[in-house]
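# Chains, contacts and geometry: an overview
Given next are the chains, with one letter for each unit.
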Amino acid sequence: MIVRKYIRVRQLKEGMRTDQRIIDHIGRVLIEKGTTLDQYQIDYMINMGVGGIYIREGEAEDPDDYVITEETQRTIEKLKVADPVKVKLAESVKNRVSQGVQFLYKNTDSENFVNTTNDIANDLMKAILENDAIAVDISELKVSDEYTFKHSVDVATMAMIVAKKYGMPENQIYEIGIAGLLHDVGKSRIPNEVLNKPARLTDEEFELMKQHSLFGYNILKEKRNVSSAVMMAVLQHHEKIDGNGYPLGLAESEIGEYAKILSTVDIYDALVTERPYKTAFSQRDAVEMIMSMTRELDVTVIKAFLNSVILYPVDSIVELSTGEKAKVVKNNQNCILRPKVVGLKTGKVYDLTEDVSCASIIIP
C-alpha cells in the first residue's frame, strides 16, 4: 500500500520519494513529483528554505487486486453517486495565495496588509463560487510547505465552506475567510525559537504561545477597514464553549459564530498536519476526535463541518476491516466515516451506514 506522509525537509533521507512537485516562489518546478531524492536535492531544499514536503512510502498493490469483473463494474456504475462539488484551487492561484500569506505574516506593518488580505480572500471566494463548491478535500488544498502559511489557507478555505454549509450569506463567508487567513497572525510576535521549537513547549513557553490570539487582535485593531467581527474571531478562535479556552476563558454565549467555526477547523487541520514534535493523525481519527468534542465545540458547527469534509472521495479505493479492498460509490452526508462501497473481488455491496449487517465493518 502506498502511504502519503508529510515530513520536515531536515528529516528527509536519501531514497525517499516525493509525492508532490517542489515549486519556487515564481512557479518554477524544482523537483518533480515521484522523484527519488538524493542528498544533493535534500540539501538544496534546505538551502531554499523549504519547511517540509509530502513523500510516498510503500509499494503499489499487486495489479491482480484491482481486477474488476464486468458484473462488479456494472454494480459500481449503477450505485455510483457523485460527491458534492469540492473547492479547487488552480496552481497559479495556489502560488499567488502562498506568496500573499507569506507577505502578510512577515509584513504586519505594511500599508498593503489589508489590500493583500482582501486579494487572497477574493481568490478563495472565487474558487468557491465559480463551481458552487460545497465540500472540501484538504489533501487538495496545500499551497505551501511552511506550516503557518499552509495552515492559514487550509483554515480559511475550510471555514468558508463550513460557513456556506452553515447558511451564512456571502458577505459573512468572505469575512470568515479573512479571519481564517489572519487567525494566527499574532504568531509573528512570538520568537522563532518558541514558534518553531522541535519539541514540546515548557509551561512558560506555552503561556506565551497562548497570547498569539491577543497579539493578532492588537495587530488588526490598528488597521483600517478590518471589521470588528474579524478582529473578534481572531481574538476568540481558541475559546471553548465550556469556558476552558483562552486567552479570556469566555462562556459559550460570549463567543462569536466566526470564532466557533474557526475553532473547529483550526483543531482539525492541526490534527492532520505533521509537526516536528508530533505525528499527524489520520483524517478518520481527526474526524472522530472532532465528533467527541461536543463539550468544547459548538454542535451545530460540528455538524456543518462534518457535512463539508469528504474523507473517501467516490471512486477511491479503501481497505475494509475485513481485509477486502473496495471502491467507494456513495458518501453518506450525515455519516462521512461510513460510505457505501463495493468489494473489488466479490462485487458485494457494503452500505456501512444503512445496512445493519455491516455494523462491525469499518474503514480503518
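The preceding data block contains the structure.
Residues numbered from 1 in each chain as written. Predicted model: local features only at pLDDT ≥ 70, side-chain atom pairs only at ≥ 80, totals over all residues. Heavy atoms only, no water.

## What about empty space enclosed by the protein?
Short version of the rule: Both site types are read off a 1 Å grid over the protein atoms alone. A 1.4 Å probe that fits but cannot get out defines a cavity, while an open set with protein on both sides within 12 Å along at least five of seven lines defines a pocket; lining residues have an atom within 4 Å of a point. Grid points are joined across faces, edges and corners, and a volume is the space filled by probe spheres set on the points. Only Asp, Glu, Lys and Arg are considered charged, only Ala, Val, Leu, Ile, Met, Phe, Trp, Tyr, Cys and Pro nonpolar, and every remaining residue, Gly among them, polar.
Considering all chains together, one arrives at one cavity of 30 Å³ or more under this definition. Along its surface, the largest cavity is lined by Glu-239, Lys-240, Ile-241, Ile-255, Lys-260, Ser-263, Glu-296, Leu-297 and Asp-298. Along the lines of polarity and charge, the residues of the lining of the largest cavity split into three nonpolar, one polar and five charged.

## Some points on the sheet that holds strand E6 (residues 317-319)
Under the convention used in this document: Pairing between strands is defined by DSSP: at least two bridges between the two strands are required. Secondary structure is summarised from DSSP: a helix means a run of H or I of at least four residues, a strand means a run of E of at least two, and numbering begins at the N terminus for each. A fitted line through C-alpha atoms serves as each axis, taken over the contacting stretch for helices, and the angle formed by two N-to-C directions is quoted from 0 to 180°.
Strand order across the open sheet formed by four strands is E6-E7-E8-E9, with antiparallel pairing between neighbours. For this open sheet the edge positions go to E6 and strand E9 (349-351), each flanked by a neighbour on one side alone. Mean inter-strand twist for the sheet, computed between neighbouring axes without regard to direction, equals 40°. Pairing of strand E7 (residues 325-330) with strand E8 (residues 340-343), which is carried by four bridges, proceeds in the antiparallel orientation. In the sheet register, Ala-326 faces E8, and the bridge partner there is Gly-343.

## Some details on the state of the cysteines
Applied cut-off: Whenever a pair of cysteine sulfur atoms sits within 2.5 Å, that pair is classed as a disulfide. Categorising residues by exposure relies on relative accessible area from a 1.4 Å probe, with only protein chains included: less than 20% of the type maximum marks a residue as buried, more than 50% marks it as exposed, and the intermediate range marks it as partly exposed.
The final tally for this structure, using the stated rule, is zero disulfides. Counting only cysteine sulfurs, Cys-358 is the nearest neighbor of Cys-335, a cysteine outside any disulfide, at a range of 12 Å. Judged by its relative accessible area of 2%, Cys-358 is buried.

## Re the nonpolar core
To keep it simple, the criterion reads: In plain words, nonpolar cores are sets of buried Ala, Val, Leu, Ile, Met, Phe, Trp, Tyr and Cys residues tied together by side-chain atoms within 4.5 Å.
Grouped together as the largest cluster of nonpolar side chains are 76 residues, with contacts concentrated most on Tyr-268 and Phe-305. Of the residues forming this core, the biggest block, ten residues, is contributed by helix H5 (residues 147-166).

## Topic: the packing of aromatic side chains
Convention followed: Two rings from Phe, Tyr or Trp (for Trp, the six-membered ring) form a pair when their centres sit within 6.5 Å of each other. Planes less than 30 degrees apart are called stacked, planes more than 60 degrees apart edge-to-face, and all others tilted. Two conditions define a charge sitting above a ring: the NZ of Lys or the CZ of Arg must be within 6 Å of the ring centre, and it must be within 35 degrees of the ring normal.
In this structure the tally under the stated criterion is three aromatic pairs. Judged by centre distance (5.0 Å) and plane angle (65°), the ring pair of Tyr-268 and Phe-305 falls under edge-to-face. Residue Tyr-268 is found in helix H11 (residues 257-271), and its partner Phe-305 is found in helix H13 (residues 299-306); the two are separated by 37 residues along the sequence. Summarising the burial analysis for this pair, Tyr-268 and Phe-305 share the class buried. Directly above the ring of Phe-113 sits Lys-223, whose terminal nitrogen or CZ lies 4.7 Å from the centroid.

## Section: the environment of Gly-256
Inspection of the secondary structure puts Gly-256 in the loop between helix H10 (228-236) and H11. Classification of Gly-256 by relative accessible area gives partly exposed; the value is 29%.

## Side note on the pattern of salt bridges
Oppositely charged side chains may form a pair once their charged atoms are brought near each other. Quick note on the threshold: Each reported salt bridge corresponds to a side-chain nitrogen of Lys or Arg within 4 Å of a carboxyl oxygen of Asp or Glu.
Taken as a whole, this structure holds 14 salt bridges when the rule is applied. Of the charged contacts, one joins Asp-109 and Arg-189 as a salt bridge, the two residues approaching to 3.8 Å between their closest N and O atoms. Taken together, the residues Asp-109 in the loop between helix H3 (91-106) and helix H4 (113-130) and Arg-189 in the loop between helix H6 (170-182) and helix H7 (192-195) connect sequence positions 80 residues apart. Residue classification places Arg-189 among the partly exposed residues on the basis of a relative accessible area of 40%. Lys-197 is the partner of Glu-205 in a salt bridge, and the nearest nitrogen-oxygen pair spans 2.7 Å. For Glu-205, a relative accessible area of 19% translates into the label buried. Through salt bridges with shared partners, a single network forms among Glu-77, Lys-80 and Asp-315.

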